[in-house]
Amino acid sequence: MSPSVPLQEMIRAIRSAKTQCEERGVIQRECAAIRAQFRQSDNGGRSHNLAKLLYVHMLGYPAHFGQMECVRMIASPRYSEKRIGYLGAMMLLDEKQDAKPRLLNQNIQYIQSLALCTLACMGSAEMCRDLAPEIERLLRASNSYVKKKAALCAVHIVRKVPDLGELFASAARSLLTEKNHGVLHGAVVLITQLCGQSPEALKRFRKAVPDLIQIMKSLIVSGYSPEHDVSGVSDPFLQVRILRLLRILGHNHEAASDTMNDLLAQVATNTDSTKTVGNAVLYETVLTILDIKSESGLRVLAVNILGRFLLNNDRNIRYIAMTSLQKIVGTDHNAVQRHRGTIVDCLKDQDASVKRRALDLSLALVSASNVRSMMKELLVFLSSCPPDLRSQTASGIFNAAERYAPSQRWHIDTILHVLTTAGGDVRDETVPNLIQLITNASELHRYTVHKLYRALVTDISQQSLVQVACWCIGEYGDLLTGPCQEMDPAQVSENDVLDALETVLQSHMSSPATRGFALTATMKLSTRITDNVDRIRSVVSIYGSCIDVELQQRAVEYNALFKKYDHMRAAVLERMPVIEKTSGQSNGVPSGDSVKDNQPVKVMPGESLLPQPPADQVCDLLDLLGDSGENQQASLVGAVPAAALVSSTATTAGGDLLDLLGGLEPPPTTPVPVYEKDGVTLTISCDKQSDSDLTVTLTASNSTESDISSFMLQAAVPKSVQLHMKAPSGDLLPARGAAKVSQMVILNNPNKVTLKMRVRISYNRNGSAFQDMIQIDSFPGLDH
């Protein structure tokens, strides 16, 4: 049977197919012809047919029937057939096929190299064990062409069978004396693999640092070599490999680091940075300098190189420069600060990835000395940044303002600016945090209430801003009628204030939680103004029949306060006391040792997790800020922002005369640590709902100097136990315990089996991903 169409014609026919069905038809016809010819004993076109079959395989169609033909062609005496046979073996065979008897039984260097490449692609652990002595022998051969192939094959063997690493250690050390670049490259790759798998090998090869330095120096000072030159740089691939190996050998080893300091300085100053090839060598040099125990001046030089990368027109180079600077900003903060202007300019880049990296680095560079100038740049960026970056930018500004605010007024102005610009993208705890800040700044109450009132009149679309403004007007509304020296003189009447609150109550943009703030503020004004009490009573009575259950409950309570408890109204609606700030608190999230203020409360399915109010706060008799009401609203509607819920519990204490049975739940258990590693601490607290239901709250904190992002907890329990995980409170763990992340898990154990839970912890720190797993066998407060 004559062979089918040539390879070129088959490719042309496949590419000209107009439909997938037509393409499959062409391939099926060709595969049928190839099968028929494989069955013939005297087939002169075997290499031709196998080449076509490999093309079919690359298109994703099945080609397994050609495996035996590959083995036959490997055994052929003709080199042209051996070559296509070995290529087919690399692509079609896998570890299940045993082809080792035919791999290394040739003495021709090209055939040996083909066999070595094939073994490196598909060699199984058993094949590697059997052929390892033969590979070690080839590493000592006199032929450089074979030795470089054998070195790369040895890398595969060491990866497959780590126990065989000791077999190749001596031969790999001797390869460093070779002059051939290919052999040196293979030797460096092999040594790198050995050092990464064995501490003994790492200690052994540290003695080879002078040899590696000598090789590197010869590459730097050598003249033009057309065979290995790339854009004027001599063998940049080998240079990069040597620098990576030096980074491994010098890590946490002072003697080895001192030996290579001069070489790294020479490479950093003599490498051409105008070409991409030179930048690749410089980047590896920088990584090596930063990862070993290098001198301080050398580290500054490395940071300056990254600073030059930031000025490069190539966005990929700018991206990797900012990624590297992000990793070292914690240890070399002052050196990175010198390039602050260039980093801030990268916020204007059109590329989204560069802009995100520039934002991370800019936030990390904020300090007490530059907080004012950096905040100006970040606030400008917030006003024009993409929607997907607003939340991260706002959170970063809040954290920086919390740490480095030069004054309370500046702090308040900064947060109000963010709320005005991106109020819908801020974190949930921003509202209670700002309320607490305003409460503590007693000398700024008049200034703050005037500023918030003007912001409320201007725009009521930013819900977080409206909630804070309503709360502040309710507490300090009487200060609006007087002049404010810090603001432009403007007369504000009582009717103007009530008009603004009614606008919020009637607006379709207001969420149920925001309306609750506005209604409570209106009620509180009844004791702060004197001429419009009847109007306030009328507004409150209207919402007594509101379809919204939360507003209806509040209005009914407030009506009762007007009628039945009018003699108590002035005392109940007096100003909130100064809220004592918990140690280590940031953005309303307590941290540190203050466990009492962060214990979980009993939560039914569908409700949000709320922190308990501090015990030393004044009792809010009629639940004016909606502690129990907000819980009901979250359960019924499911759309109330957590910021409103947190603000309620952060500024009120339990006790509700109209909710006589409230607050009778047993106190939750004290959190117990279950995981402490690398600065990450995880605690567990349990609340037993019934004989079969248990609510478990996992709380994580970060005590290191670096922020943790993408923090996630995953849980697994026995099959007979039902598990439901609520949404976490966030995925960012700021440094030094500035905030915590809580995760609620509801367990249903109807069969009363012994509870066990396995928790997987994953997060990113300084660009590196971490993952760990723990098993929890003991649940505090649970009677087994």
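Residues numbered from 1 in each chain as written. Predicted model: local features only at pLDDT ≥ 70, side-chain atom pairs only at ≥ 80, totals over all residues. Heavy atoms only, no water.

1. Describing the side chain of Thr118
Condition: Strands here mean DSSP runs of E at least two residues long; helices mean DSSP runs of H or I at least four residues long; both are numbered from the N terminus. As used in this structure description, the phrase polar contact means that two N or O atoms lie within 3.5 Å; if the pair is within protein, one of them must be able to donate a hydrogen and the other to accept it, and residues adjacent in sequence are counted only when both atoms belong to side chains.
Topologically, Thr118 is positioned in helix 6 (residues 109–122). Of the polar contacts made by the side chain of Thr118, one reaches the backbone oxygen of Leu114; its length is 2.8 Å.

2. Observations regarding the pattern of salt bridges
Counted only if it meets this: Think of a salt bridge as a Lys or Arg side-chain nitrogen and an Asp or Glu carboxyl oxygen that are within 4 Å of each other.
Scanning all chains against the criterion turns up 30 salt bridges. Within the structure, one salt-bridge network assembled from shared partners comprises Arg46, Glu69, Arg72, Arg78 and Glu81.

3. Things to note about a nonpolar patch on the surface
Worth spelling out the cut-off: By definition, no residue in a patch forms a salt bridge, and every one has over 30% relative accessible area; like charges are joined within 9 Å, nonpolar side chains (Val, Leu, Ile, Met, Phe, Trp, Tyr) within 5 Å. Computed with the Shrake-Rupley method and a 1.4 Å probe, the accessible areas treat only the protein chains shown as cover for residues. Accessibility here uses a 1.4 Å probe with only protein chains present; expressed as a share of the type maximum, an area under 20% marks a residue as buried, one over 50% as exposed, and anything in between as partly exposed.
Where nonpolar side chains cluster on the molecular surface, the patch consists of Tyr79, Ile108 and Tyr110 and spans about 300 Å² of accessible area. In this fold, Ile108 is placed in the loop between helix 5 (79–92) and helix 6. Ile108 sits in the partly exposed class, given a relative accessible area of 46%.

4. Side note on the sheet that holds strand 7 (residues 722–725)
The condition that has to hold: At least two DSSP bridges between two strands are required for those strands to pair. For helices, the fitted line uses only the C-alpha atoms of the stretch in contact; every axis is such a line through C-alpha atoms, and the angle between N-to-C directions lies from 0 to 180 degrees.
In space, the 5 strands of this open sheet follow the order 3-4-5-8-7, with antiparallel pairing throughout. Only two strands of the sheet have a single neighbouring strand rather than two, namely strand 3 (672–677) and strand 7. Averaged over all pairs of adjacent strands, the angle between their axes in this sheet comes to 20 degrees, without regard to strand direction. Bridging between strand 3 and strand 4 (residues 680–688) involves 5 bridges; their strand directions are antiparallel. Across the sheet, the residue bridging to Glu676 is Thr681, located in strand 4.

5. Considerations on helix 4 (residues 67–74)
Note the threshold: Residue contacts are counted whenever heavy atoms from the two residues lie within 4.5 Å of one another.
Among the 8 residues of helix 4, 6 are classified as buried, and the element is accordingly described as predominantly covered. Listing the buried residues of helix 4 in full gives Gln67, Glu69, Cys70, Val71, Met73 and Ile74. Summarising the contacts, the buried residues of helix 4 are in contact with helix 2 (20–38), helix 3 (46–58) and helix 5.

6. Focus: helix 2
Definition in use: In this analysis, the expected span of each helix is defined as 1.5 Å times one less than the number of residues it contains.
Taking 1.5 Å as the rise per residue, helix 2 with 19 residues should run 27 Å; its terminal C-alpha atoms sit 27 Å apart, in good agreement. Listing the buried residues of helix 2 in full gives Glu23, Gly25, Val26, Ile27, Glu30, Cys31, Ala33, Ile34, Ala36, Gln37 and Phe38. Buried residues along helix 2 sit in contact with helix 1 (7–15), helix 3 and helix 4.

7. Examining the environment of Arg760
Within the fold, Arg760 resides in strand 9 (residues 757–765). Overall, the relative accessible area of 33% leaves Arg760 in the partly exposed class. With residues up to four places along the chain from it excluded, the contact list for Arg760 reads Met712, Leu713, Gln714, Gln771, Asp772 and Met773.

8. Let's talk about unusual backbone geometry
At Asp235, a position not held by glycine, the phi torsion is positive, near 45 degrees. Mapped onto the elements, Asp235 comes out in the loop between strand 2 (233–234) and helix 13 (236–250). In this model, Ser710 sits at a positive phi of 50 degrees, which is unusual for a non-glycine residue. Secondary-structure assignment places Ser710 in strand 6 (residues 708–716).

9. Digging into the side chain of Gln743
When you line up the elements, Gln743 lands in strand 8 (residues 741–748). Those residues in contact with Gln743, other than ones at most four positions away along the chain, are Val696, Thr697, Leu698, Leu713, Met725, Lys726, Ala727 and Pro728.

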